[in-house]
Structure formats: structure tokens, C-alpha cells
Amino acid sequence: MAAEITLKWEWPDNRKAEKSILVHVIEFKKHSTGIFGIGKSPSLVQGFPDPYTIRGVVENKDNFLHGKTIELTLPKLEAGDIEKNSTVVLGVINNETCICIRKTDEGANKAGSMSCDGL
Amino acid sequence: MGFKSSISLIGNKILACLFLLNQKKFIFFKASPQYLLYHSLSAHSLSITTKDGCILQGWRFPGKDVDCNCIGIYFGGNAQDCADVSTLAATLNLSSVYAFNYRGYGLSEGEPTQKNIFNDAIAIAKFIKADHPGTEIIVIGFSLGSAVAGFVASQTRVQGCILVCPLSSVADVVATRAKLNLPSRIIRQKFNLNQYACEIKSPTMVFVASNDTLIPPSLSEKVYKRLECKKQICQIENADHNDVLIQARFVDECNNFIASL
């Protein structure tokens, strides 16, 4: 089933995240490249090296966001040691693009003050 | 009758049947909820409950001229999430702009039909008038929303009406774009602005995008010709249907029109 929020990945390129989203990871797996590996094409949005998909649930205490399913495909290198049941902070710009990700042990009540700028 | 014309006739009938069976899907492209955008705009969000118990999601966006005595009500296109209107609202010389998602769009409940949308639009106008006594209302409709704004302007007193890329009727769009001449009785979601445009009494501005590939400019001009009120038409050069709202000239002409009211 499609996630309620789908983010695309871009490298930060000196940009600062506008929003921090705290996510409990429920699935972390190699991104499917589809039949005959069509999804491996570098011209596709998710055609970066070694793509992995994070699927999780938003933990921010917000009426619009709390409990929503979220999905992000990103290069494995950027995901670090994230695994199932990790809690991560996503730095988001333009309401649709994740530019940084950080594993955290902080609780949901800290989400508002979290930032992954500079990573 | 030749072979080719027989095939064409049969094809036309099949397409007509498909349209008849799925016309709501052809007309209403329900916008999926944009939760992150809603989160960003949560300070402006509001909702109203219709008489039949449906909750409609909406926003009151600040305009450019907060001291102005005019409020805008925006009615969106058939695939538009009205949360997107915040940027446009900030450029208009209005104190604020209200925008509500149609039923089934974004987080609004229910199913969209012409009847529901028209009833909801009137209810929204009444709600805003009651909430802001003494304030003037300007209705703004884009694409399908122009039929809704036009309907409100034909049924209630408003200070002005702005129709952006208006369609004369769904039947006209189907006939022009799909080359499909359907008997009008089989189209249930008619949005026949051409029929009630003559009942609009307030000054009306019609915008036409010169490169509109969705609603041919000729259909918008047809609406303009049907208007019997004080009216203006403005063609936005090099604009297509989906980028007309972000054109600088569109914003300037809108503000000129608002100033003239």
C-alpha cells in the first residue's frame, strides 16, 4: 500500500532543512529496481547508487502528521546504520524533499527542536 | 455510409458509453492530501460542516492588503488542492482569501458532484458573509472553479467576480477536446457556466491563457460574450492553463480589477 507521505531524496547542497520529521522505521530494505532492472536507470529520480527504501510512521505531535505512514528512498550510504525499529529525523524542504537524515534516540517530544543540518 | 464513417460512429458511441459510465472520474481528479503542506499552513487552516454533515477542509490565507474591506473566496480547478493558493493570496490586494477543498479533495469528506459543490459554495459564501459583516466579497474561480464562482455570483450579491480560464460547459470541453458530441442530457456534471453567466450582476473579469491546451480560449471567450454585467477580458500571453495563476501580468490585472471595484 502506498505511503500517505512520500518524500524524494536530494543531497543538501548548502541548503538548510525547513522542517524536521521524527519517524519510527518499520521497514528498511533494498529498493526494488523493478522488472529487468528498469529502476536502475540513472535518469530516474531514484536511480542513485545502492538505493534503499525507508518506510515508517511519523511521530511528530501534530494533527496533520502524527501517525501518517511515510516513505523515502535514498542511497544506502546516507542511511548509515538505520534499521527496522530505529527512530530517525528527516530534514525536509519544500514539503516534499528530504535533504538529510539522522538516527536518534530522542523521544517524539524533542522532534520540534531537532535538526540534521550540517550532516 | 462509408466504412470509415461507420467505424468513427461506432467509436464515438463506445467513447460516449465510457464517458457516461465514468463521467465523475473524467471530471473530478481528486487531489490527494498533502500532509506536509497542511502542516506548514496549519496556522491558517479551518473547516466548516455542511448541512448534511460533511466536513470541508479550508484555509483563510492573509492577502497583501490586510486593511482592505474585500475578502476573496477562491474555487479551485478539478485537480487542485486549494492549499496551493496561499502564494497567490499573498499577492492579491485583498485582506484575506478563503479557499476550501471540494468534497473528496484533500481532507474534505464526501464525494464531489456538481450539486454538492454548488450547494457547498453557497454555504461557504454565506458562512464568510456572516463571519465578516460589512465586508465585500470577491469570488475567484479557476478552470472548473470558474463555473462554481460564476454560480455563486449569479445567486448571491458579490462585489466582483474573477473567472480564470473559464469553461463554458463540460459538454463544450468534451466536444472541443475529445471531438465527442455527446447529447447534453447524458452529462450529469454539466458545469454549464454558459447557461447562468448572464445572471451574474457584479463586475466580472475573465482571464484567458493564450496557450491554454486544456480549456480552449474560444470557450472562455464564449463565457465572456454571455456575460451581461460590466465586464473585462484579459488575455495572458504565453501562458498555459496550469501556469496562468503564477504570471506577473495575471496578478497585476487582478489587482487592477480589484482596485476598480
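Cut-offs used in this document
- Residues numbered from 1 in each chain as written.
- Chains lettered and ligands numbered in written order.
- Predicted model: local features only at pLDDT ≥ 70, side-chain atom pairs only at ≥ 80, totals over all residues.
- Helix = DSSP H or I, 4+ residues; strand = E, 2+ residues; numbered from the N terminus.
- Buried ≥ 20, exposed ≤ 12 C-beta atoms within 10 Å, placed from the backbone.
- Contact = placed C-beta atoms within 7 Å.
- Axes fitted to C-alpha atoms, helices over the stretch in contact; angles between N-to-C directions.
- Parallel < 35°, antiparallel > 145°, perpendicular 65-115°, else oblique.
- Left-handed = near helix turned anticlockwise from the far one by under 90°.
- Nonpolar A, V, L, I, M, F, W, Y, C, P; charged D, E, K, R; others polar.
- Pairing = 2+ DSSP bridges.
- Core = buried A, V, L, I, M, F, W, Y, C linked by C-beta atoms within 7 Å.

Trainee: Help me understand the overall build of chain A in this model?
Mentor: The secondary structure content of chain A amounts to one helix and six strands. Reading the helices (α) and strands (β) of chain A from amino to carboxyl end gives β-β-β-β-α-β-β. Split into buried and exposed, the 119 residues of chain A put 28% on the buried side. Partitioning the intrachain contacts of chain A with sequence separation of at least 6 by distance along the chain shows that 65% fall at a separation of at least 24.

Trainee: Would you mind going over the packing of helix α4 (residues 114-131) of chain B against helix α5 (residues 144-155) of chain B with me for this structure?
Mentor: Geometry of a packed helix pair, given as the angle between the helix axes and the separation of the axes. All names here are of chain B. Close contact between α4 and α5 brings their axes to 10 Å; oriented N to C, the two are set at 55°. Compared by their axis directions, α4 and α5 come out oblique. Crossing angle aside, the handedness with which α4 passes α5 is right-handed. Contacts between α4 and α5 involve Ile117, Phe118, Ala121, Ile122 and Ala125 from the first element and Val148, Phe151, Val152 and Gln155 from the second. Along the lines of polarity and charge, the residues of the contact of α4 with α5 split into eight nonpolar, one polar and no charged.

Trainee: Just checking my understanding: could you explain the pairing of strand β3 (residues 70-75) of chain B for this structure?
Mentor: In summary, the side chains of a regular strand alternate between the two faces of the sheet. Residues and elements named next belong to chain B. For β3, the buried fraction is high: six of the six residues fall into the buried class. Burial along β3 is two-sided: the face carrying Cys70, Gly72 and Tyr74 and the face carrying Ile71, Ile73 and Phe75 are both buried. Where β3 and strand β5 (residues 136-142) come together, six bridges link them in parallel fashion. Within β5, the position partnered with glycine 72 by the bridge is isoleucine 138. Alignment of β3 against strand β4 (residues 96-100), held across four bridges, turns out to be parallel. By the bridge assignment for β4, isoleucine 71 is matched with serine 96.

Trainee: Help me understand the interface of chain B and chain A in this model?
Mentor: Interfaces are often sized by the accessible area lost when the parts come together. If you look at the interface, chain B gives eight residues, while chain A gives ten residues. Here the side of chain B that touches chain A is composed, by residue class, of four nonpolar, four polar and no charged.

Trainee: Would you explain the sheet that holds strand β2 (residues 55-62) of chain B in this entry?
Mentor: By definition, the strands of a sheet pair up through backbone hydrogen bonds, in either a parallel or an antiparallel sense. Residue and element names in this part refer to chain B. Spatial ordering of the open sheet is given by β1-β2-β4-β3-β5-β6-β7-β8, a layout of eight strands whose pairing is mixed. For this open sheet the edge positions go to β1 (45-49) and β8 (231-236), each flanked by a neighbour on one side alone. The sheet shows a mean angle of 20° between the axes of neighbouring strands, direction not considered. Looking at chain direction, β2 and β4 are connected through five bridges and run antiparallel. Counterpart to proline 62 in the pairing with β4 is serine 96. Along the sheet, α4 contacts β1, β2, β3, β4 and β5; its crossing angle with β3, the most-contacted strand, is approximately 160°. Its contacts with the sheet put helix α8 (residues 217-226) on β6 (160-164), β7 (204-209) and β8, and the angle it makes with β7 is roughly 170°.

Trainee: What is the right way to read the pairing of β2 of chain B from this model?
Mentor: Residues and elements named next belong to chain B. As defined by bridge partners, β1 adjoins β2 across five bridges and the pair is classed as antiparallel. Bridge pairing in β2 places serine 47 opposite glutamine 57. Linking β1 to β2, which pair antiparallel, is a turn of five residues; within it glycine 53 sits at a positive phi near 85°.

Trainee: Teacher, can you tell me more about unusual backbone geometry here?
Mentor: What is expected of a backbone is that most residues other than glycine have negative phi and most peptide bonds are trans. Residues other than glycine seldom take positive phi values, yet aspartate 13 of chain A does so here, at roughly 50°. You can call aspartate 13 of chain A exposed: it has 6 C-beta atoms within 10 Å. Backbone geometry places phenylalanine 191 of chain B, a non-glycine residue, at a positive phi of 40°. If you trace the backbone, phenylalanine 191 of chain B turns up in the loop between α6 (170-177) and α7 (193-196). Residue phenylalanine 191 of chain B is classed as buried on the basis of its 28 C-beta neighbours within 10 Å.

Trainee: Teacher, can you tell me more about the nonpolar core here?
Mentor: Taken as a class, soluble globular proteins show a tendency for nonpolar side chains to be buried jointly. Ranked by size, the top nonpolar core spans 100 residues in total, and within it Leu90 of chain A together with Val139 and Phe207 of chain B carry the most contacts. Broken down by element, this core gets its largest block of residues, seven residues, from α5 of chain B. Beyond its immediate chain neighbours, meaning those up to four positions away, valine 139 of chain B contacts Ile73, Ala149, Val152, Ala153, Val158 and Cys161 of chain B.

Trainee: Mind showing me how you'd approach the environment of alanine 248 of chain B here?
Mentor: All names here are of chain B. By the secondary structure assignment, alanine 248 is in helix α9 (residues 248-260). On the neighbour-count criterion, alanine 248 (9 C-beta atoms within 10 Å) is exposed. In this structure, the C-alpha to C-alpha distance between alanine 248 and threonine 91, residues 157 residues apart in sequence, is 9.7 Å.

Trainee: Can you walk me through the sheet that holds strand β2 (residues 19-30) of chain A in this structure?
Mentor: All names here are of chain A. Spatial strand order, β1-β4-β3-β2-β5-β6: six strands in a closed barrel with mixed pairing. Adjacent strand axes in the sheet meet at a mean angle of 45°, parallel and antiparallel pairs treated alike. Bridge count between β2 and strand β3 (residues 51-58): seven bridges; the pairing is antiparallel. Pairing of valine 23 across the sheet is with valine 58, part of β3.

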